[in-house]
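Close look at the chain arrangement
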Amino acid sequence: MQDVKTLPRIGLVLGGGGARGIAHVAVLEALDEMGVVPSAIAGTSIGAIYGAARAGGLSGAELRARTLDSFANGTAALAKLWTLRPKKLGDLLGGGFGLGQIAPDRILEIFAADAFPTTFDDCAIPLAVVATDYYGGCEAVLTRGPLRRAVAASIALPTIFKPVVIDGRVLLDGGIMNPVPVDALPVEVDVVVAVDVVSFPEPADGKLAPGALQAVFGASQLMQQQIAAFKFEARRPDLLIRPPVNDVRMLDFLAAEKVLAAAEPTKDEVKRRLGRLLEAW
């Protein structure tokens, strides 16, 4: 009897990296165009947003359209953010709209209200969302319960968003503990495809010495890369993709068109490299 060849089970890992994570769209589009449906997805921070949306059934093309609808028009995006302003003077004076006082749930409600299913169980693809357990001093891998709440915890970047409390744990941005969560896939897979959008610091505008803010973000990049390298020692991805988006500032979501344009060559890279892996399989 002739052997029937089957495709390997693909595990997709989408890392954190702020606005650079918009490049995940190009990877998702490449998989769609290859006809590859991940058997499992793990995501942290912005990777949790795109991972949850894909696990819920949205295609890469749909996520591109939603991303551009949310951020390509800067005026419209800022108008949405304006709805988060304090409604009472007392909220403002009492610290209700200061650093770290924005609820990440509200951001998701404004920009991605219907992008996710209600719960993890409603996902078409098994999903793990990674956050950081602040008092536990470890990562929290979330695989059940309300999905938007879990994603909100995963994107709760300190100084920007409020922490999120789930099951008595105070949770922060998942990229703090696991920026490329290759070890968090919720089911066993044969091939791990990981996307790292953290990158490394590079000189900007021809200046060798970084400015103060650039140095802070650069130091964060170096720490996250060290964490990722440690994680890769335990489980090295079969395919590691690093889209060329290092010149995009971490919080510059209004550069969505720029990120997508820069990541366009990544689609061909994914198709070429993953295609070789599948042929070898």
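Scoring rules and cut-offs
- Residues numbered from 1 in each chain as written.
- Predicted model: local features only at pLDDT ≥ 70, side-chain atom pairs only at ≥ 80, totals over all residues.
- Heavy atoms only, no water.
- Phe/Tyr/Trp six-rings, centres within 6.5 Å; stacked < 30°, edge-to-face > 60°.
- Helix = DSSP H or I, 4+ residues; strand = E, 2+ residues; numbered from the N terminus.
- Buried < 20%, exposed > 50% of the residue type's maximum accessible area, 1.4 Å probe, protein only.
- Core = buried A, V, L, I, M, F, W, Y, C linked by side-chain atoms within 4.5 Å.
- Contact = heavy atoms within 4.5 Å.
- Axes fitted to C-alpha atoms, helices over the stretch in contact; angles between N-to-C directions.
- Left-handed = near helix turned anticlockwise from the far one by under 90°.
- Nonpolar A, V, L, I, M, F, W, Y, C, P; charged D, E, K, R; others polar.
- Pairing = 2+ DSSP bridges.
- Expected span 1.5 Å × (residues − 1).
- Arc of directions from axis to C-beta.
- Parallel < 35°, antiparallel > 145°, perpendicular 65-115°, else oblique.
- pLDDT = per-residue confidence, 0-100.

1. Some remarks on the packing of aromatic side chains
- Within the structure shown, the criterion is met by three aromatic pairs.
- Consider the rings of Phe-71 and Phe-111, whose centres lie 5.1 Å apart with planes at 25 degrees: the pair is stacked. Of this pair, Phe-71 sits in helix H3 (residues 60-71) while Phe-111 sits in helix H6 (residues 104-111); the two residues are 40 residues apart in sequence, bridging distant segments of the chain.
- Geometrically, the ring pair formed by Tyr-134 and Tyr-135 is edge-to-face, given 4.9 Å between the ring centres and 75 degrees between the ring planes.
- Its relative accessible area of 68% is what places Tyr-135 among the exposed residues.
- An aromatic cluster is defined as three or more aromatic residues linked by ring pairs; in this entry it consists of Phe-71, Phe-111 and Phe-253.

2. Quick notes on helix H7 (residues 147-154)
- Counted residue by residue, H7 has six buried out of eight residues, so it is predominantly covered.
- Turning to H7, its buried residues are Leu-147, Ala-150, Val-151, Ala-152, Ala-153 and Ser-154.

3. Quick notes on the nonpolar core
- Ranked by internal contacts, the top residues of the largest apolar core, which has 67 residues, are Leu-12, Phe-116, Leu-127, Val-129, Leu-147 and Val-151.
- Those residues in contact with Val-151 that lie beyond four places of it in its chain are Ala-48, Ile-49, Ala-52, Leu-108, Phe-116 and Val-129.
- In this structure, Ala-40, Val-180, Val-182 and Leu-185 belong to the second largest nonpolar core, which totals 14 residues.

4. Comments concerning the packing of H6 against H7
- Viewed as axis vectors pointing N to C, H6 and H7 meet at an angle of 115 degrees, and their least axial separation amounts to 8 Å. Crossing handedness for the pair H6 and H7: right-handed. Taken together, the residues of H7 that come into contact with H6 (itself represented by Pro-104, Asp-105, Leu-108 and Glu-109) are Arg-148, Arg-149, Val-151 and Ala-152.
- A class-by-class count of the residues in the contact of H6 with H7 yields four nonpolar, no polar and four charged.

5. Let's talk about the pairing of strand E1 (residues 10-14)
- Burial runs high along E1: five of the five residues are buried.
- Across the two faces of E1 the burial is the same, with Ile-10, Leu-12 and Leu-14 and Gly-11 and Val-13 all buried.
- By the bridge criterion, five bridges tie E1 to strand E7 (residues 191-195) in an arrangement that is parallel. The residue bridging Leu-14 from the neighbouring strand is Val-195, located in E7.
- Relative to strand E2 (residues 40-44), E1 is paired through four bridges, and the arrangement is parallel. Each bridged residue has a counterpart across the sheet, and for Val-13 the counterpart in E2 is Ala-42.

6. Quick word on the environment of Val-37
- For Val-37, the position within the fold is in the loop between helix H1 (24-34) and E2.
- Val-37 sits 26 residues away from Gly-11 along the chain, and the two C-alpha atoms are 9.4 Å apart.
- With residues near it in sequence (within four places) discarded, Val-37 still touches Arg-54 and Ile-125.

7. Structural notes on H3
- Counted at 1.5 Å a residue, the expected span for H3 with its 12 residues is 16 Å, and the 16 Å between its end C-alpha atoms agrees.
- Listed in full, the buried residues belonging to H3 are Gly-60, Leu-63, Thr-67, Ser-70 and Phe-71. For H3, the angular spread of buried residues about the axis comes to 85 degrees, placing them on one side.

8. As for unusual backbone geometry
- With a phi close to 55 degrees, Ser-45 is a non-glycine residue in the positive phi region.
- For Thr-159, which is not glycine, the phi dihedral falls at a positive 75 degrees.
- Following the sequence through the fold, Thr-159 ends up in the loop between H7 and strand E5 (164-166).

9. Considerations on the packing of H1 against H3
- Relative to each other, H1 and H3 sit at 150 degrees, their axes nearing to 8 Å. Taken together, H1 and H3 sit at an angle that is classed as roughly antiparallel. Contacts between H1 and H3 involve Val-25, Leu-28, Glu-29 and Asp-32 from the first element and Gly-60, Ala-61, Leu-63, Arg-64 and Thr-67 from the second.
- Its residues assigned to classes, the contact of H1 with H3 comprises four nonpolar, two polar and three charged.

10. A few points about the confidence of the model for the protein
- Across the protein, the average pLDDT comes to 88, with 90% of residues at 70 or higher.
- Contacts of residues 88-98 to residues separated by more than four positions or lying in other chains number 10 contacts, the stretch itself having pLDDT below 50.

11. What about the environment of Gly-74?
- Its location among the elements puts Gly-74 in helix H4 (residues 74-82).
- Residue classification places Gly-74 among the partly exposed residues on the basis of a relative accessible area of 23%.
- Linking Gly-74 and Ala-255, residues 181 residues apart in sequence, is a C-alpha distance of 9.1 Å.

12. So, the pairing of strand E6 (residues 169-172)
- Bridge analysis of strand E3 (residues 127-133) against E6 gives two bridges, and the strand direction is antiparallel. Bridged to Asp-133 within E6 is Leu-171.
- Where E5 and E6 come together, three bridges link them in antiparallel fashion. Paired with Val-165 across the two strands is Val-170, which belongs to E6.
- Here E5 hands over to E6 after two residues, with Asp-167 in that stretch at a positive phi of 55 degrees.

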